[in-house]
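Residue strings, one per chain:
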Amino acid sequence: MKFNNVFLRQRREELGLSQEKLAEKIKSKHSNVSQWENGKHCPNPTTRTKLARALKCNPGDFVMREEGTR
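The text that follows walks through the structure, step by step, so that each part is easy to find.

Parameters and conventions
- Residues numbered from 1 in each chain as written.
- Predicted model: local features only at pLDDT ≥ 70, side-chain atom pairs only at ≥ 80, totals over all residues.
- Heavy atoms only, no water.
- Helix = DSSP H or I, 4+ residues; strand = E, 2+ residues; numbered from the N terminus.
- Rg over C-alpha atoms; globule rule 2.2 N^0.38 Å.
- Buried < 20%, exposed > 50% of the residue type's maximum accessible area, 1.4 Å probe, protein only.
- Arc of directions from axis to C-beta.
- Contact = heavy atoms within 4.5 Å.
- Polar contact = N/O pair within 3.5 Å; in protein donor to acceptor, adjacent residues only side chain to side chain.
- Phe/Tyr/Trp six-rings, centres within 6.5 Å; stacked < 30°, edge-to-face > 60°.

**Notes on the overall build of the chain**
When its secondary structure is counted, the chain shows four helices and two strands. The C-alpha atoms of the chain give 11 Å as radius of gyration, which agrees with the globular expectation for 70 residues (11 Å, within 12%). Structurally, the chain occupies a C-alpha span of about 35 × 25 × 20 Å along its principal axes. Looking at the 70 residues of the chain, the share that counts as buried comes to 34%.

Here you go:
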């Protein structure tokens, strides 16, 4: 499984949230959001659930499918 950092950034921007506001909503640090969006780190499963709630999406939306798999 690979974390879809592009979806995270796009969804945050669609909702008009800054990285700082998103970090506040999930009780995390702005630097964490930046690292997730830049593909430097991946949030753990608990944090992905918090992100999904804050961004009004499904935690599975953050999963990037590997090429050649279904």
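**Quick look at helix H3 (residues 30-37)**
By the burial criterion, the buried members of H3 are Val33, Ser34, Trp36 and Glu37. The arc that holds every buried residue of H3, seen down its axis, measures 165 degrees, which confines them to one face. Looking at the buried side of H3, the elements it contacts are strand E1 (2-3), helix H1 (5-14), helix H2 (19-25) and helix H4 (45-54). One or two steps after H3, the chain reaches glycine 39, where phi turns positive at roughly 75 degrees.

**Topic: the environment of phenylalanine 7**
In this structure, phenylalanine 7 sits in helix H1. With 30 residues separating them along the chain, phenylalanine 7 and glutamate 37 place their C-alpha atoms 8.6 Å apart. Discounting residues that sit within four places of it in the chain, phenylalanine 7 has contacts with Cys57, Asp61 and Phe62.

**Here we look at the environment of glycine 60**
In this fold, glycine 60 is placed in the loop between H4 and strand E2 (63-64). Taking the C-alpha atoms as reference points, glycine 60 and asparagine 44, separated by 16 residues in sequence, lie 13 Å from one another.

**Concerning H4**
Taken together, the buried positions of H4 are occupied by Thr47, Arg48, Leu51, Ala52 and Ala54. The buried residues of H4 all sit within an arc of 165 degrees when viewed along its axis, so they share a single face. Set apart from the buried face of H4 by more than 90 degrees, the exposed residues are Pro45, Thr46 and Arg53. Summarising the contacts, the buried residues of H4 are in contact with E1, H1, H2 and H3. Capping the start of H4, asparagine 44 holds a side-chain oxygen 3.1 Å from the backbone nitrogen of threonine 46, two or three residues further along.

**Digging into the packing of aromatic side chains**
Summed over the entire model, instances satisfying the criterion amount to two aromatic pairs. Arranged with centres 5.6 Å apart and planes meeting at 20 degrees, the rings of phenylalanine 3 and phenylalanine 62 form a pair that is stacked. Taken together, the residues phenylalanine 3 in strand E1 and phenylalanine 62 in the loop between H4 and E2 connect sequence positions 59 residues apart. Judged by relative accessible area, phenylalanine 3 falls into the buried class, the value being 5%. By relative accessible area, phenylalanine 62 is classed as buried at 1%. When the ring of phenylalanine 7 is compared with that of phenylalanine 62, the centres are 5.5 Å apart and the planes differ by 70 degrees; the resulting orientation is edge-to-face. Highlighted residues: phenylalanine 7 in helix H1 and phenylalanine 62 in the loop between H4 and E2, separated in sequence by 55 residues.

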